[in-house]
Structures are given as structure tokens and as C-alpha cells.
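Examining the three-dimensional arrangement
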Amino acid sequence: MSILSRNNVRVTGRATGRTVVLVHGFGCDQNMWRLVEPVLAEDFRVVLFDYVGAGRSDLSAWREDRYSSLDGYARDIVEVCEELDLRDAVLVGHSVSAMAAVLARAAAPERIGSLVMVCPSPYYIDEDGYRGGFSAEDIDELLESLESNYLGWSATMAPVIMGNPDRPELGEELTNSFCATDPEIARVFARTTFLSDSRKDLQGVTAPTLILECAQDAIAPPEVGAYVHSAIPGSRLVTLDAIGHCPQLSAPEVTASAISAFVSDLS
């Protein structure tokens, strides 16, 4: 099976525009970008895909040994870029995929020219001098709950991750997205997401980088955005007027506008 089929790759927008690759996070698929993609497609060529194990990807291609580290997800990104023969693309990674994007850029700098990190977190666990937002015990309990009752965990955690309790349809959508993921695949991806420490990887980022954080985010507190910003020389930090961890759904207009402005400034 080709990479384009394996990862359910879709290309939209202006064929002559700069290429923007949208990469989804844990428990999601490319559908999470559906409100942002049409806006970006007015000016740019937009590439969307599903990680192996997500959405309409080829589930038979999933292997635990590959996807037990962020390197496996970064390889998916690079292989999609190679298959499309991209050059100097803008890679937009949401949540944990912001860190996979860092690895992908390091592996293929000629294909990925710049980064947009949407609600990134290089490490979720608090340590001396670093606030990730969770204690080690919090993460252990989160993973234990996920592994013992994934559907129940999804119904409880998705609304917390999404935020916006006054808009319950958003939490319901994320719950449905989580529940559509195979529990075994979700278990592996969750461990990769919440236990990876990518702080050292940030030090090697030399590409133009935009960091988008939300005004309120239960998963990535403001200290995390500030840390990522300070770790990447020359990066730009923008705080969106948005609540929750998924601004591409809760505030698609401001999210798309911020990405568009950044990409336009690169030209």
C-alpha cells in the first residue's frame, strides 16, 4: 500500500500556494482541522493525513514497536512529505504532534522549513524548576484509568481536555473521536504522549517557529508555552483568545488567522 493510502493523505487549496501540513494529536484524526482547513486553503496548499492507527489510515500497518515513541509519528510525517516531494513546507502540529513535528523537521529540514506548534507540551510532569501541569502520580492515575476503561476515560477526560463547558457539543465531539480509536492503539499513543520528555529536542530547533497557546488550557498551562518559547530562539508566542486544548475546534477563526499571518510573513 502506498504512503498516500496508508495515511489517508488529502491535498486541498491553491496548488501554487505555500504548502501547509496539518498534523492531528492524540485520539484524533485530520477531521479535527475541518474548520481551519478551508480558511487556509484560500491562500495555501494544504496537506492533511491520519497517523497510522487513526481515522481512515491503514490499521494493518500499525505496529506497537514503531508507535511506542514519538519517532514513529515523526516518521509518518516525514514519509508523507517525501511521498509528496514537499520542499520548505510549514508543519502545523497540534498538542503532542508539535513535538513529533520537531523531530520530523530535524530529520528532513529540506522538506520542512518552519513550524507552528498548537498547544505544545514537551513534558507533562512537574519537576524542580519546570511546570508541566501534572504530578507523576496524576499521570500514573490517568494512564491506569485509560487502560482499565478506555471508553469511560474518554467520556470523562475529553470534556476536560476540550474545555468550554458552556459548549458541550465540543466535548462530545472529542469524546466520539477518542472512542473511535482502537483502545490498544490509544493505550500506546497515550503512554508515548504523556511519558515522553522532548525538552532537549527543543534546543535544536532553528526553523522559524510560531507557538500558539490558549488563554485557558487544562493540559498545557501558560508556563509550558513560556518554556517552549524561551527554548526556541527567535520563536513567536501568540496567546489565542480561546479556551481549552483544541482551538482548531473551539476557536477556528483566530487559529486560522494566526497560522495564515505567520505563513504569509515567511514569504
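Cut-offs used in this document
- Residues numbered from 1 in each chain as written.
- Predicted model: local features only at pLDDT ≥ 70, side-chain atom pairs only at ≥ 80, totals over all residues.
- Heavy atoms only, no water.
- Core = buried A, V, L, I, M, F, W, Y, C linked by side-chain atoms within 4.5 Å.
- Buried < 20%, exposed > 50% of the residue type's maximum accessible area, 1.4 Å probe, protein only.
- Helix = DSSP H or I, 4+ residues; strand = E, 2+ residues; numbered from the N terminus.
- Contact = heavy atoms within 4.5 Å.
- Axes fitted to C-alpha atoms, helices over the stretch in contact; angles between N-to-C directions.
- Parallel < 35°, antiparallel > 145°, perpendicular 65-115°, else oblique.
- Nonpolar A, V, L, I, M, F, W, Y, C, P; charged D, E, K, R; others polar.
- Pairing = 2+ DSSP bridges.
- Disulfide = S-S within 2.5 Å.
- Expected span 1.5 Å × (residues − 1).
- Salt bridge = Lys/Arg side-chain N within 4 Å of Asp/Glu carboxyl O.

We now examine the nonpolar core. Grouped together as the largest cluster of nonpolar side chains are 71 residues, with contacts concentrated most on F26, Y51, I77, L91, M117, L174 and F178. A per-element tally of this core places helix α4 (residues 96-107) first, with eight residues.

Along the chain, the position of S196 falls in the loop between α8 (183-195) and α9 (199-202). Residue S196 is classed as buried on the basis of its relative accessible area of 18%.

With respect to the helices, strands and loops of the structure, L210 is situated in strand β6 (residues 209-216). Taking the relative accessible area as the measure of exposure, L210 reaches 1% and is therefore buried. Each C-alpha atom of the pair L210 and G171 lies 26 Å from the other, and the pair is 39 residues apart in sequence. In this structure L210 touches L115, V116, M117, R236, V238, A258, I259 and F262, once residues within four positions along its chain are discounted.

So, on to the packing of helix α5 (residues 136-148) against helix α6 (residues 150-162). Packing of α5 against α6 brings their axes to within 5 Å, and their N-to-C directions diverge by 130 degrees. By the criterion of interaxial angle, the relationship of α5 to α6 is oblique. Two secondary-structure elements touch here, α5 through L142, S145, L146 and S148 and α6 through Y150, W153 and M157. Counted by class, the contact of α5 with α6 contains five nonpolar, two polar and no charged residues.

What follows covers the sheet that holds strand β5 (residues 112-118). On the basis of which strands lie adjacent, the open sheet formed by seven strands has the order β1-β3-β2-β4-β5-β6-β7 and mixed pairing. In this open sheet, the two edge strands, each paired with only one partner strand, are β1 (10-13) and β7 (236-243). For this sheet, the mean angle separating the axes of adjacent strands, direction not counted, is 20 degrees. With four bridges connecting them, β5 and β6 associate as parallel partners. By the bridge assignment for β6, V116 is matched with L210. Packed on one face of the sheet, helix α12 (residues 252-266) meets β2 (19-23), β4 (89-94), β5, β6 and β7 and runs near 160 degrees to β6.

Going through the model one piece at a time under the given rule, you end up with zero disulfides. Counting only cysteine sulfurs, C246 is the nearest neighbor of C28, a cysteine outside any disulfide, at a range of 5.8 Å. Free cysteine: C214, not disulfide-bonded; nearest cysteine sulfur from C119 at 3.8 Å.

This part takes up helix α3 (residues 70-83). Over its 14 residues, α3 extends 20 Å from the first C-alpha to the last, a length consistent with the 20 Å expected when each residue adds 1.5 Å. Two residues or fewer after α3 comes D85, characterised by a positive phi angle close to 55 degrees.

Below, the discussion takes up the pairing of β4. Where burial is concerned, most of β4 is hidden: six out of the six residues are buried. What you see with β4 is no split at all: A89, L91 and G93 on one side and V90, V92 and H94 on the other are buried throughout. As paired elements, β2 and β4 share four bridges and run parallel to each other. Within β4, the position partnered with V21 by the bridge is L91. Where β4 and β5 come together, six bridges link them in parallel fashion. Bridged to G93 within β5 is M117.

With that settled, the discussion passes to the pattern of salt bridges. Pairing is possible between side chains of opposite charge, provided their charged atoms come close. In total, this model carries 17 salt bridges according to the counting rule given. A salt bridge links D65 to R63; the nearest nitrogen and oxygen atoms lie 3.3 Å apart. The exposure class assigned to D65 is exposed, which follows from its relative accessible area of 61%. One salt bridge connects E147 with R191, and the closest N-O pair in it is separated by 2.7 Å. Of this pair, E147 sits in helix α5 while R191 is found in helix α8, placing the two residues 44 residues apart along the sequence. Residue classification places E147 among the partly exposed positions, given a relative accessible area of 37%. One network of salt bridges, in which partners are shared, links R6, R66, D76 and E79.

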